[in-house]
Every structure is written in C-alpha cells, then in structure tokens.
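# Observations on the three-dimensional arrangement
The chain contents come next:
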Amino acid sequence: MQLPPALRARLVGGPGAAEPLPVVRDPAAGRAPFRFVARKVRFPREHEFFEDGDVQRHLYLQDVLTQVAEEPQRSRVPEFTCQVAGCCQVFDTLEGYEHHYHTRHRHACSFCKRAFPSAHLLDTHILEWHDALFQILSERQDMYQCLVEGCTEKFKTSSARKDHMVRLHLYPADFWFDKPRKSRGCVRLATPGPCVPLSAEALGGGGEQSEGDAMEVCAAEDVAIPWGAPSESRAVAARMEKRTYSRRIPSTICFGQGAARGFKSTKKRDQRL
Amino acid sequence: MWNRRQGRLRPAGCGVEELRRRRREREAALRKARREQQLVSKRLLREDALEETGGGGVATILGEAEIQQFLQLAQRGTEEKEREKALVSLRRGLQHPETQQTFIRLEGSMRTLVGLLTSNQALLQLEAARCLHELSHSEQPAVAEACLPATSYLLTYLSGHSSDFISPHMAVLEALGYALSQLLQAREAPEKIIPSVLGSTLPQHMLQLLQPGPKLSPGVAVEFAWCLHYIICSQVNNVLLITHGALSTLELLLLDLAGAVQRTEDAGLELLACPVLRGLSNLLTEAAAEDVGGQMQFGDERVVAALFILLQFFLRKQSSLLPEGLWLLNNLTANSPSFCTSLLSLDLIEPLLQLLPVSNVVGVLVLTVLCNVAEKGPAYCQQLWPGPLLHSLLDILAFSDIEVVDQSLELLQLLFLYRPEVCFLPRLPRPSCSNQGYRPWRSVRQPSSRIVCVLSRR
C-alpha cells in the first residue's frame, strides 16, 4: 500500500481541517433499488466483528501469563548505596533500588523526611502537619480533606476522615495516614501537636528492608505510607534484633525544632529516653 | 519503547515452525471459544497457559487455616524470602476455585492482600499482585465482586506513581489494569460493575494513564485501553466518558501510534491500536461526540493521516485489524464533508483502492467509505473520476462475493448520477451468487435489478 509522501509531513504538521467541498445531494441517489445511506456504525461487545481482534488480544494475554507464571530473573549487580543524603540503603538489583527510590525519596517531606506514595498525599501531609494556619483553622472548621482525589468531603478530625474513607471508599479498616507516634522511644516536641517523626532514611539501614528501617519500634509508623498494617512494626522490631549497627550517625535526628544533632550510641537511646 | 516489550514474550527453546503451529492451534481454540461465547472465560486463558509452561505450579486446594497461615507469614514474617514464599504458595492455591471461595470468605483476607500490594518491598508487591491476578481469573462472580472494592483504593495509591522509572510499579499498574479488564468482561459487568466504575474517579485515572508522551508505558496503556473499550462498547454511559475527554485522549493516542509506526518503533503496537480504534469508532456514534469532539469534530486531517499510516502498518503486520481501521474511517467520513474532502485532498483514494483485493470484508468496507464520499454530490464525484476508481470497480465486479458486488453497484450508481460524463462502461459479466465470507452489516441480496438500473443509465 503506497502512501503519498506528503502524508507523513501532514501528520507532524499542526491541526487543521480541509475546507469542505460543497455538498449537493440528488434525491434520486437513494431511490430503490439503491439504498445506500452514509451512517456511523456501532458495535456492541459480543459482535462477531470483534472476533479477530479479541483472539489476538487473548493470544497476547496467554503469552504474558506464561511469562508472569515464571519466576522473574533479577540480574544482580555489585552492591551500591542509595545516593540520597542521609540514606544508607544498599542494593544489589537495579529494580530494588528503583523501587526504594520511588517509595522513599520521590515524594518526601522536606520538613520531616517522611515518604509518601504520591504528590497529592505529600501535599496533604505538609498542609496538615507543617502549616500553622491549618492548625488554627482546624479548631474552628472542618479542614481534614478526604484523601480520595475527587471527593470533596472535609472533616473535623483525622480519625473522622479515616472513618469516612473506610465506610464510603471501602478502604481497609486498618489503613492510616500520618498516625502520630504513641509508643515509647519517640521523639517528642516540647510543644503539643504532632510529633516530629524519625525518618527511616535518616537512620540509614541495610539490605532491602526499607520500611521502618530504624532502631525504634515506632519507626515503622514513620513511613507514612497509608497502610502499613500495625503488625509490620513487630516484624520490623524482630528484624532489628539481627541487624548489625555499623551505620553513619544520622544527621536529621533532632530534639526540638530545627536543631540538628547526632549522638553516639544508637542502641542505648531507648533506655535514655 | 515497543520493541523492548515484545522481545520478552518469545518463549525460549522453540523452533519457528513449532511456534507457528502452536500459535495456529491456540488461535483456532480461541476462535471457537469466542463463537461459543466462552472467550470471557478466564479459565481458558489459565488452562492454556498452564499447558504451555508444562504445568509450572500445581493448583492446590488450601483450607482456611492454611490461607490464614500464609497471609500471616507474608505480613509478619521475619525473613523476606519467607514472606515471598508464603505468597507464592498462596498464589498457587488461588489457582483453584475452591481456594478462591475460601479466601474471599475469610475475614480480612482481601484487605491483607491489598496491604501487601502496597508494601514497601518490591518483591512482596509483585507476589501480591500475582495473587490478585489469580483471583481476577475467577469465573465466580462473588470473587470478582470481592476484588472490586480494592480498585479505587489502589488507584489512589498508584496514581501518584510516575513512569520515569521502569520499575516494578509499572508491572503492578499493568497487573491492575489487566485485573480490571477481566472484571469488566464479566457477564454482569454492564449492570453491576461498569456503573460503579463510572461513578468513581477511575475513568479520569485511566485516561491519564493513556496520555501520550514520554511517560506513556506501553504495557500499562494496553491494559487500560482495553478497559476503556469494554466500558465503551457496553454502552452504559459514554456521554460521561466524553465529558472526561475520552475522545480527545484517544485521538491523541492515535496520532502518537502513527508517529511510532513512522519511527519504526512499532513492535507490538497493534496490541494498543486495536482497543484505541474500537473506542474511537464507538464513541463517535454518540450524539455528544458532535458537540465535544475536540479536533475530530472539526475534521482535523491529522487523524486521517494517522489512520492511513496505521492501515499500511496493519497490511504489513496484522491484516486482521484492517476492518477495524476501516470501520473508524467509515465513522469519520459518514457525516463529515470535511473528512471526505481530506481523503480527496490528501490523495488517499488510490491507497484505499489498493486495499480492495485484500478480502471481501475489507473490500466492502473500502467501498462503503468511497460511497460516503460519493454520496455528498457532484463536487466530490468530480474528484473521484477521472482516476483509478472506475477501473478498480470494474475489476471488482468480476468477484463472486455478493456483498462486494452489492456495494460496488451502489458506488457506481452514485458516480453515474453525479458524474454523467462517465459514459464508458464495458459489458458487465453476470456475477454468480455465493454466500461466502462474513458480512459486516448487510444481508445477502440479489444484485440483478440494480445492474439493470445501472446499465440503463448509459
């Protein structure tokens, strides 16, 4: 099938329509036994017109399923470290690193270093946690916006919002967003309000266990991904026992706002607090 | 971007002839299944796939206690490998319908699975996605319904993910799109599933994932394009889709696909082209398309140029898609003087004629498009002749297929009506009637009365 050479140029040109030629119809055109009428055609799902395309689609899916059913080969590379300041995560596969970066650094709060799965959730977090005006306004009116994009409902408290999302949007009942830390060993501000969390990155970590990669039990909640099941923290704690602590001193640990200090012994910190 | 994907799909260690033979067998089986309305059966996909791999992974029936154990291990296990293995075992179990039933009846199971799907750890995410993948194969409506609530939640989680990285996230999105496409094919989809999908923010997310550009991921786009097609052809609420910009997104995607063909980055492109063509063609039949058709409403010539580039590609690579491409061309030209004029001004009549001999189905569609042009009057017919049209038409009349002759005569009649200068007409051989081939939208007719009419115009 030969196409005119100018056609390719037309494709990359700007949008534009042809000036239509005048339409003049003769009534004799549709006269019996001729019956052609120009009309658009619509096909419903099960129509046999779709047979060929559907078959090709299913052939493709069968190929993909065969592939999915197999265990993927992950090519190993020499170990390397995450380059983000304060993060010591080590990787031996490219996919693992990309996943880590994407989950932990891409939408990270510059104030408190928490990582979020999307820009939208990050923006919401910054608003609710690091905006003084929000705190003031939220005492007087409903400010906690539903997290589902497109839902305009607002609520008085974070837990009221959570209830709404579980009831209406069928979120898992144990999902959470920015749960404030309650357990021991947490860093707390002198002033009331949400506590400044320790960041997993700040504390560094080894291997591929990026969530809750910290010395504190509560650090699992650090990772403000909307649904770490609470039991994750137990898993984290268990893993922590096995870890060897040859980490850099985290630079973003701070007590009180703004101050940045490191400290020597990380293991003993629990007891001191 | 397309080449990369296709390379992964070839199974290793098979001779070319062997591959071709297997493919022909599979194709025949699928065709048969579709005619028996069984193609939506995911069991068919699963069984064939298992046979292909030599039964890699046996489906075992898992009891409630075992499922719970695997879930707990996956969620709270201390060793990453252990957690992964638990999910693998669960997945194998979920290949069996009984396990699926037990799973969905177990409280909190779906929630746990979804939680794992959004875990921080890539390998767990992938295995959890595979489990969801297994569930989505189920023919049991209860299982499909159990999966559905997860989708809006997952899309909120996944919508922020950029496709800058070729990462497991893309694999997860693709699996999600595939799972959704399976749900949308369920028998009860038009009454139950599609209305709730349309009532959510899913359509906007889907269209976003279909936006052309450097961030477009082919695998993800293919799955969501098929989702869109299933929704559109179910005719539930296409007006809503149009207001969300579906027409303009699909149109831009069409232009993008043609661009990919031109850059010869086209391996596997037909996988995406098919649902895009279908979505566009069906949406164009909505009255709302006239108002909000975007550039297509104004007869943007680039759409026609893109379509022809794709038709040429189909002729080379996937001729079974030619009818679908020509269907779109029909819907574009039927009521549009502007698009008909574009066909003429861009010199596309001759390329169109070159498609006539491909098959009866294609031939009828080509002739229908030409009729769309000719019926608009003398100004259009003047551009159709002199030219190769008449010669091709008379060749066609020698074919024995009723439908082709039928449509040729309609075209000839229009041509003679609006272009009386065409006085040359050799003796027409009497076509023999034969009932072969598939007829897109006509029933069989005797053409003899019309031959007489056409002849009498001389």
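Everything quoted here is computed from the prediction, not taken from an experiment.

### Remarks on the packing of helix α16 (residues 246-262) of chain B against helix α17 (residues 270-284) of chain B
Residue and element names in this part refer to chain B. Packing of α16 against α17 brings their axes to within 10 Å, and their N-to-C directions diverge by 140 degrees. Relative to α17, α16 is oriented oblique. Note on packing geometry: the crossing formed by α16 with α17 is left-handed. In this structure, α16 contributes Ala-246, Leu-247, Leu-250, Glu-251, Leu-253, Leu-254 and Leu-257 to the contact, and α17 contributes Leu-272, Ala-273, Val-276, Leu-277, Gly-279, Leu-280, Leu-283 and Leu-284. In terms of residue class, the contact of α16 with α17 is made up of 13 nonpolar, 1 polar and 1 charged.

### Remarks on the nonpolar core
The biggest cluster of nonpolar side chains holds 133 residues, and the ones touching the most others in it are Leu184(B), Leu254(B), Phe308(B), Phe314(B), Leu326(B) and Leu343(B). With near-sequence residues (within four places) excluded, Leu254(B) lies in contact with Val276(B), Leu277(B), Leu280(B), Val303(B), Ala306(B), Leu310(B) and Leu328(B).

### Some details on the packing of helix α20 (residues 322-333) of chain B against helix α23 (residues 360-374) of chain B
Each pair of packed helices can be summarised by the angle the axes make with each other and by the distance between the axes. All names here are of chain B. Contact geometry for α20 and α23: axes closest at 9 Å, N-to-C directions at 15 degrees. Classed by the angle they form, the pair α20 and α23 counts as roughly parallel. With respect to the hand of their crossing, α20 and α23 are arranged in left-handed fashion. Along the contact surface, α20 presents Leu-322, Pro-323, Leu-326, Leu-329, Asn-330 and Thr-333, while α23 presents Val-361, Val-362, Leu-365, Val-366, Thr-368, Val-369 and Asn-372. Looking at the contact of α20 with α23, its residues break down into 9 nonpolar, 4 polar and no charged.

### Quick notes on the pattern of salt bridges
Two side chains with opposite charge may pair up if their charged atoms get near one another. One pass over the structure, following the stated rule, counts 26 salt bridges over all chains. The residue Arg278(B) makes a salt bridge to Asp54(A) at a minimum N-O spacing of 2.8 Å. A residue pair is termed interchain when its members come from two chains, as with Arg278(B) in helix α17 and Asp54(A) in helix α2 (residues 51-69). Here the two residues Arg278(B) and Asp54(A) agree in accessibility, since each one is buried. Of the charged contacts, one joins Glu127(B) and Arg91(B) as a salt bridge, the two residues approaching to 3.4 Å between their closest N and O atoms. Within this pair, whereas Glu127(B) is found in helix α8 (residues 122-136), its partner Arg91(B) is found in helix α5 (residues 80-94), the two being separated by 36 residues in sequence. For the pair Glu127(B) and Arg91(B), one class covers both residues: buried. Linked through salt bridges whose partners overlap, the residues forming this network are Glu51(A), Asp52(A), Glu27(B), Arg31(B) and Arg35(B).

Criteria and thresholds
- Residues numbered from 1 in each chain as written.
- Chains lettered and ligands numbered in written order.
- Predicted model: local features only at pLDDT ≥ 70, side-chain atom pairs only at ≥ 80, totals over all residues.
- Heavy atoms only, no water.
- Axes fitted to C-alpha atoms, helices over the stretch in contact; angles between N-to-C directions.
- Helix = DSSP H or I, 4+ residues; strand = E, 2+ residues; numbered from the N terminus.
- Parallel < 35°, antiparallel > 145°, perpendicular 65-115°, else oblique.
- Left-handed = near helix turned anticlockwise from the far one by under 90°.
- Contact = heavy atoms within 4.5 Å.
- Nonpolar A, V, L, I, M, F, W, Y, C, P; charged D, E, K, R; others polar.
- Core = buried A, V, L, I, M, F, W, Y, C linked by side-chain atoms within 4.5 Å.
- Buried < 20%, exposed > 50% of the residue type's maximum accessible area, 1.4 Å probe, protein only.
- Salt bridge = Lys/Arg side-chain N within 4 Å of Asp/Glu carboxyl O.

Remember that the coordinates give geometry; whether it matters functionally is a separate question.
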